[in-house]
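Spelled out from the first residue to the last, the chains are:
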Amino acid sequence: MGKRESFQDLPLTPPKAGEELWRWLYGQLRGAILDRRLRPGTRVPSSRSLAKQYNIARGTVVAAFDHLKSEGYIQTQVGAGAFVATTMPDDSIAVARSHVDLRKRTAHAGLSSRGRASVESVLLLPASHSVGKAFRPWEPAIDLFPVNLWSRIAARVLRRAPRSLYGQGDAKGYLPLRKAIAEYVGGARGVHCDADQVIITSGAQQALDLVSRLLLDPGDRVWVEDPGYPGAVFALKAAGARITPVPVDQEGLEVEWGRRHAPHGKLAYVTPANQFPLGTAMSLERRLSLLNWAAGEGSWIIEDEYDAEYRYFARPLAALQSLDRSECVVYVGTFTKMLFNSLRLGFLVLPSRLVDPFAAARSFTDRHPPTLDQAILAEFILEGHFGHHVRRMRQAYAERMSVLADAANRRLSGLLEVGCAASGVRTLGWLKTNERDTEVAGRARLHGLELAALSQFTLRHSQPAALILGFAGCNVDELRRGVDVLATVLGA
Ligand SMILES: Cc1ncc(COP(=O)(O)O)c(C=O)c1O
């Protein structure tokens, strides 16, 4: 733990060129609070004295403090002034601190400039110490996962597996699993492929990392959806890509905007079935237009279908890959949302010419995912349990979502408007209170809720203020209780 500091003797790193001063001061103080260099209970001096000491306008200090107060880092007591908050829940500190620690370690770890640039802006997801926490946006229904069935299959696979499965595995992945996946994505998503084009990865994230490293050169221009999925942006940036955030509307990525502003992009990353985080589906017209652009430019498209099967009102459009005539689409799928997070198994469906280079790249990274886990998943799919589970979850999630929307719209009317998602494991609550969504999300975290603010996922093009509410991972009682807490947070 660092040395105890007061506001007056806190060393501050100078602002970056162009950085707003209040935002800089807010960031410095927030970092010091999360680092515990400013300890809980430390008295906050007057804005006048700090303005004088830091040699900045008093209004700048007030703006930074207002922000810290609204997010709960600073508390006020009538008659006693302001103090660094004493009650911050572990998880929210853990997420924020991992970020702060990462930057600190980055500075002294002797990393290359490429290494530093790759990790500096990354946010680590905290490990789950519980399930059912409202409104954790990244979790499926772990409470409903058929653990007994899974463990019976696992025991059987481990007992009967030939000894060869304990030896070196295939860099592309376990063949029966690749066959099962090719059949599943062909039937359910219209993806044209055979098992040879499927490579098993450690979740979607490794797939995004491999694609970024193997298809991009440093400095290549890349289109990403704005708002969009940070996991993809981190991987693309780590490969040295220059990011062009392309706005998204009701029909998905605005392809014409991309053509106008960055016509020669080398790659576009999209989530057409369920746009992350807006939840819209890309229209057929936009799909065709994106494919046309990629074919004309010789560019790649990453199609990330992380939870396409959870569609509540209508059948999803077939995958973009099914319309691809020029073999430019790399399809990414994952079982982490369909089954459970820690499984960490996902897959790539590649144009044939990419299969061997990708398999070769596996051999000098992780070689292959654990074969026995792949064999368990293969059995689970081949015996029909996967299809059954997805159908069961679709019903359960539809129920959970409508409970959340009903409870929220009853308790939070005029403050938060919660819509029903057309697909996926989360929905959006549009704020009607004129507050910043990050402020509300920060306050909610201090009350023990786990939710995200839409603006955390915007890069350049702003969106109305909204909260991202996961509903799949909580049962109906947890959701109702979560809405009660949110009512307190919003002052209902
Ligand atoms: C857009 C998107 N892609 C992929 C994933 C899943 O990635 P992984 O399989 O690495 O857990 C997520 C998870 O939230 C996501 O939102």
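Since we're looking at a predicted model, the values are computed, not measured.

Whenever I open this one, the sheet that holds strand β2 (residues 74-77) confuses me. Can you help?
As a general point, the strands of a sheet are linked pairwise by backbone hydrogen bonds and lie either parallel or antiparallel. Reading across the sheet, the three strands line up as β1-β3-β2 and stay open at both edges, with antiparallel pairing between neighbours. The sheet is open, and its two edges are formed by β1 (43-44) and β2, each paired on a single side.

Any chance you could explain the site of the ligand here in plain terms?
Around the ligand lies a shell of 14 residues, among which A204, Q205, D304, T334 and R344 are the nearest. Within the complex, 92% of the 400 Å² of free accessible area of the ligand lies under protein. Looking at the shell around the ligand element by element, the count peaks at three residues for helix α8 (residues 203-215). Counted by class, the shell around the ligand contains five nonpolar, five polar and four charged residues.

Looking at this structure, how should I read the pattern of salt bridges?
Pairing is possible between side chains of opposite charge, provided their charged atoms come close. For the coordinates displayed, the defined rule picks out 20 salt bridges. Between R480 and D477 there is a salt bridge; the shortest N-O distance is 3.9 Å. Of this pair, R480 and D477 both sit in helix α16 (residues 476-489), separated by three residues, roughly a single helical turn. Classification of R480 by relative accessible area gives partly exposed; the value is 41%.

I'm lost on α8 in this one. Help?
Each α-helix turn comprises 3.6 residues. Residues three or four places apart therefore point the same way. If you check α8, its first and last C-alpha atoms are 19 Å apart, about what 13 residues at 1.5 Å a residue would give, namely 18 Å. Among the residues making up α8, those that are buried are G203, A204, Q206, A207, L208, L210, V211, S212 and L215.

Help me out: how do you make sense of the packing of aromatic side chains in this one?
Counted according to the given criterion, the structure contains 16 aromatic pairs. Taking the centre distance of 5.2 Å and the plane angle of 90 degrees together, the rings of F276 and F457 count as edge-to-face. Here F457 lies in the loop between β14 (452-453) and β15 (466-470) and F276 lies in the loop between β8 (267-270) and α11 (284-297), a separation of 181 residues in the sequence. Each member of the pair F276 and F457 is classed as buried. Members of the aromatic cluster, joined through ring pairs, are Y184, Y331, F335, F347 and F386.

Looking at this structure, I do not really get the nonpolar core. What am I missing?
Generally speaking, a soluble globular protein has its nonpolar side chains buried in company with each other. Within the largest apolar cluster, 74 residues are counted, with the highest numbers of intra-cluster contacts made by F135, F335, L339, Y397 and L486. Here this core takes ten residues from helix α14 (residues 385-411), the largest share from any one element. Leave out the neighbours within four places in its chain, and F335 touches I181, F340, L343, L345, G346, F347, L377, I381 and F386. L215, V222, I243 and L350 belong to the second largest nonpolar core, which has 30 residues in total.

Looking at this structure, I do not really get the environment of A375. What am I missing?
Tracing the chain through its elements places A375 in helix α13 (residues 371-382). Assessed through its relative accessible area of 3%, A375 is described here as buried. Measuring from C-alpha to C-alpha, the distance between A375 and R37 comes to 49 Å, with 338 residues separating the pair along the chain. Apart from residues no more than four positions distant in its own chain, A375 is found in contact with V157, L165 and Y174.

Hey, could you run me through the packing of α14 against α16 in this one?
Helix packing for two helices is described by the angle between their axes and how far apart those axes are. For the pair α14 and α16, interaxial distance at closest approach is 9 Å and the crossing angle is 25 degrees. Our classification of the angle between α14 and α16 gives roughly parallel. For the element pair α14 and α16, the recorded crossing hand is right-handed. In this structure, α14 uses E399, R400, V403, L404, A407, A408 and R411 to contact α16, whose residues at the interface are V476, L479, R480, V483, D484 and A487. Partitioned by chemical class, the residues of the contact of α14 with α16 number eight nonpolar, no polar and five charged.

Could you clarify how one ought to interpret unusual backbone geometry in this entry?
In the segment running from A134 into F135, the intervening peptide bond is cis, with an omega of -5 degrees. By secondary structure assignment, the location of F135 is in the loop between α5 (113-119) and α6 (147-160). Cis peptide bonds are those with omega within 30 degrees of zero, and the linkage from D226 to P227 qualifies with 5 degrees. Within the fold, P227 resides in the loop between β5 (221-226) and α9 (230-238). Phi at N55 takes a positive value of approximately 60 degrees, unusual for a residue other than glycine.

Honestly, the pairing of β15 in this entry has me stumped. Any pointers?
Counting buried positions along β15 gives five out of five residues, so the element sits mostly inside the fold. Here strand β13 (residues 426-431) runs beside β15; their pairing, made up of five bridges, is antiparallel. Bridge pairing in β15 places W430 opposite A466.

Just to check I follow, could you spell out the sheet that holds strand β12 (residues 416-418) for this structure?
Spatially, four strands are ordered β12-β13-β15-β14 in an open sheet, and the strand pairing comes out antiparallel. With partners counted over all chains shown, the strands left at the sheet margins are β12 and β14, one partner each. Pairing geometry for β14 and β15, over two bridges, is antiparallel. Residue pairing in the sheet places A453 in a bridge with L467 of β15. With respect to the sheet, α14 is in contact with β12, β13 and β15, its orientation differing from that of β12 by roughly 155 degrees.

In this structure, what is going on with the confidence of the model for the protein? I would like to understand it.
Summing up the model confidence of the protein, the mean pLDDT is 91 and the portion of residues at 70 or higher is 95%. Per-residue pLDDT stays below 50 along residues 89-97; that stretch engages in 19 contacts with residues further than four places along the chain or on separate chains.

I keep staring at helix α12 (residues 352-363) and nothing clicks. Help me out?
What α12 keeps buried is the set L354, V355, F358, A359, A361 and R362. Looking straight down α12, one finds that the buried residues subtend no more than 155 degrees of arc, so they occupy a single side. Residues of α12 that are exposed and point over 90 degrees away from its buried face: R353 and D356. Where the residues of α12 are buried, they touch β4 (198-201), α8, β9 (300-305), β10 (329-334) and β11 (346-349).

About the thresholds
- Residues numbered from 1 in each chain as written.
- Predicted model: local features only at pLDDT ≥ 70, side-chain atom pairs only at ≥ 80, totals over all residues.
- Heavy atoms only, no water.
- Pairing = 2+ DSSP bridges.
- Helix = DSSP H or I, 4+ residues; strand = E, 2+ residues; numbered from the N terminus.
- Near = heavy atom within 4 Å.
- Areas by Shrake-Rupley, 256 points an atom, 1.4 Å probe, with all protein chains shown as cover.
- Nonpolar A, V, L, I, M, F, W, Y, C, P; charged D, E, K, R; others polar.
- Salt bridge = Lys/Arg side-chain N within 4 Å of Asp/Glu carboxyl O.
- Buried < 20%, exposed > 50% of the residue type's maximum accessible area, 1.4 Å probe, protein only.
- Expected span 1.5 Å × (residues − 1).
- Phe/Tyr/Trp six-rings, centres within 6.5 Å; stacked < 30°, edge-to-face > 60°.
- Core = buried A, V, L, I, M, F, W, Y, C linked by side-chain atoms within 4.5 Å.
- Contact = heavy atoms within 4.5 Å.
- Axes fitted to C-alpha atoms, helices over the stretch in contact; angles between N-to-C directions.
- Parallel < 35°, antiparallel > 145°, perpendicular 65-115°, else oblique.
- Left-handed = near helix turned anticlockwise from the far one by under 90°.
- pLDDT = per-residue confidence, 0-100.
- Arc of directions from axis to C-beta.

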